Amino acid sequence: MSTRDRILDAADQAISEYGVAGATTKRIAKQAGCSEALLYKHFASKEELFLAVVLERTPALGPALDELRAGIGGGDPHAALVAFTLAALRFYTRTQAIMGGMLGDPALIAGFRAMLAENRTGPHVPLQVLADILRAEQRAGRIDAALDADAAASMLLGACFHRASLSRFVDLPGPGDKEWAGAIVATLFR
């Protein structure tokens, strides 16, 4: 395993065990078996390290969006959207701890926002991509043409984010995730 991978694993573990505030570079370096200076040889800042954890150590939305895009015009759009919804739910559930901690640290979130702007990425990108996919499915005649694709994308991902947030506080009553995802998709895409 490369030093960079050891550092990412240690940061992921430290965030999981101690939260963002407790995931100090000192603690991460110790868990990775290296010096703090070596952390900064691989990552320019703590924000960059945390972004790498989010991008490389969490279930990603990118592959789920790619799969959804590849199915445009073919297969069952309802089933594809349910599979995507489950992937989005896993992503938001996994990233809640790191994102919540970053939001609570003004310096960290400011650095993270600057890095996202520089890289032209951020949490709005999956919304835009999903809306574009929905518009393509509308052009293919597989989703109601009257649907507001931007609103539907926001509602779908917002519901996933909300369920992930709630699950951090309580065991959710009602249907399991798969049934919930099916109900959300059926409600949005009648």
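Anyway, here's the lowdown on the structure attached to this text. If you're wondering where the values come from, they're calculated on a predicted model, not measured in any experiment.

Details of the overall build of the protein chain
Along the protein chain, the regular secondary structure elements total 10 helices and zero strands. Mapped from its N terminus to its C terminus, the protein chain presents α and β elements in the order α-α-α-α-α-α-α-α-α-α. Along the first, second and third principal axes, the C-alpha set of the protein chain runs to 55 × 35 × 35 Å. Going through the 190 residues of the protein chain one by one, you find that 41% of them count as buried. Here the contacts in the protein chain between residues at least 6 apart in sequence split such that 68% fall between residues at least 24 apart. Of the roughly 10200 Å² that the protein chain leaves accessible, carbon and sulfur atoms contribute 56%. Mean positive and mean negative side-chain charge positions of the protein chain (20 and 21 charges, respectively) differ by 4 Å.

Some details on the packing of aromatic side chains
In the structure shown here, the tally under the stated rule is two aromatic pairs. Aromatic pair F91 and Y92: ring centres 5.3 Å apart, planes at 70 degrees, arrangement edge-to-face. For the pair shown, F91 and Y92 are each scored as buried. Relative to F161, the ring of Y92 has its centre 5.5 Å away and its plane inclined at 85 degrees; by these criteria the two rings are edge-to-face. Taken together, the positions of Y92 in helix α6 (residues 77–103) and F161 in helix α9 (residues 149–169) put the pair 69 residues apart, joining distant regions of the chain. Each residue in the set F91, Y92 and F161 is aromatic and connected to the rest through ring pairs, giving one cluster. Directly above the ring of Y18 sits R27, whose terminal nitrogen or CZ lies 3.6 Å from the centroid.

Description of helix α1 (residues 3–22)
The end-to-end C-alpha distance of α1 is 22 Å, clearly below the 28 Å that 20 residues give at a rise of 1.5 Å each. Remark: the principal bend of α1, roughly 90 degrees, maps to S16. For α1, the full list of buried residues reads I7, L8, A10, A11, D12, A14, I15, V20 and G22. Taken together, the buried residues of α1 touch α2 (25–32), α3 (36–42), α4 (46–57), α6 and α7 (106–119).

Topic: the nonpolar core
Membership of the largest hydrophobic core comes to 34 residues, with the highest contact counts inside it found for L81, F84, Y92, L130, L134 and F189. For this core, the secondary structure elements donating two or more residues are α5 (61–70), α6, α8 (124–139), α9 and α10 (177–188). Residues contacting L81, with those up to four places away along its chain left out, are L68, L130, L134, I143, V185 and F189. In this structure, A29, F43, M102 and F112 belong to the second largest nonpolar core, which totals 26 residues.

Observations regarding α4
With 12 residues, α4 extends 16 Å from end C-alpha to end C-alpha; this agrees with the ideal 16 Å at 1.5 Å per step. Listed as buried for α4 are E47, L49, F50, L51, A52, V53 and V54. Considering only its buried residues, α4 is in contact with α1, α2, α6 and α7.

What about the side chain of R163?
If you trace the backbone, R163 turns up in helix α9. The exposure class of R163 is buried, given its relative accessible area of 10%. The contact partners of R163, leaving out residues within four places of it in the chain, are L89, L172, P175, G176, D177 and W180.

Quick look at the environment of A117
Turning to its location among the elements, A117 is positioned in helix α7. Sequence separation of A117 and L166 is 49 residues, and the distance between their C-alpha atoms is 29 Å.

What counts, and at which threshold
- Each chain carries its own residue numbering, running from 1 in the direction its sequence is written.
- Since the coordinates come from a predicted model, pLDDT governs what is reported: local features require at least 70, and pairs of side-chain atoms require 80 or more to be given and counted, while whole-chain, interface and lining totals use all residues.
- With hydrogens and water excluded, all non-hydrogen atoms of the structure serve as input to the side-chain values.
- Comment: elements are numbered from the N terminus, with helices defined as DSSP H or I runs of at least four residues and strands as E runs of at least two.
- Only protein chains enter the accessibility calculation, which uses a 1.4 Å probe. A residue is then buried if its area is under 20% of the maximum for its type, exposed if over 50%, and partly exposed in between.
- Two residues qualify as a contact provided that any one of their heavy atoms is within 4.5 Å of a heavy atom in the partner residue.
- Note that accessible areas follow from Shrake-Rupley with a 1.4 Å probe, and for residues the cover is restricted to the protein chains shown.
- Neither His nor the chain termini are counted; the positive set is Lys and Arg, and the negative set is Asp and Glu.
- Here the site of a charge means NZ on Lys, CZ on Arg, CG on Asp, or CD on Glu.
- By convention, a stacked pair of Phe, Tyr or Trp rings (six-membered ring in the case of Trp) has centres within 6.5 Å and planes under 30 degrees apart, an edge-to-face pair has planes over 60 apart, and any other such pair is tilted.
- As a reminder, the over-ring test applies to NZ of lysine and CZ of arginine, requiring each to be within 6 Å of the ring centre and within 35 degrees of the ring normal.
- By this rule the span expected of a helix is its residue count minus one, scaled by 1.5 Å.
- One fitted axis covers the seven residues ending at a residue, a second covers the seven starting there, and the bend at that residue is the angle between these axes.
- Nonpolar cores were defined as sets of buried Ala, Val, Leu, Ile, Met, Phe, Trp, Tyr and Cys residues, with membership established by side-chain atoms within 4.5 Å.

So yeah, pure geometry; function would need other evidence.
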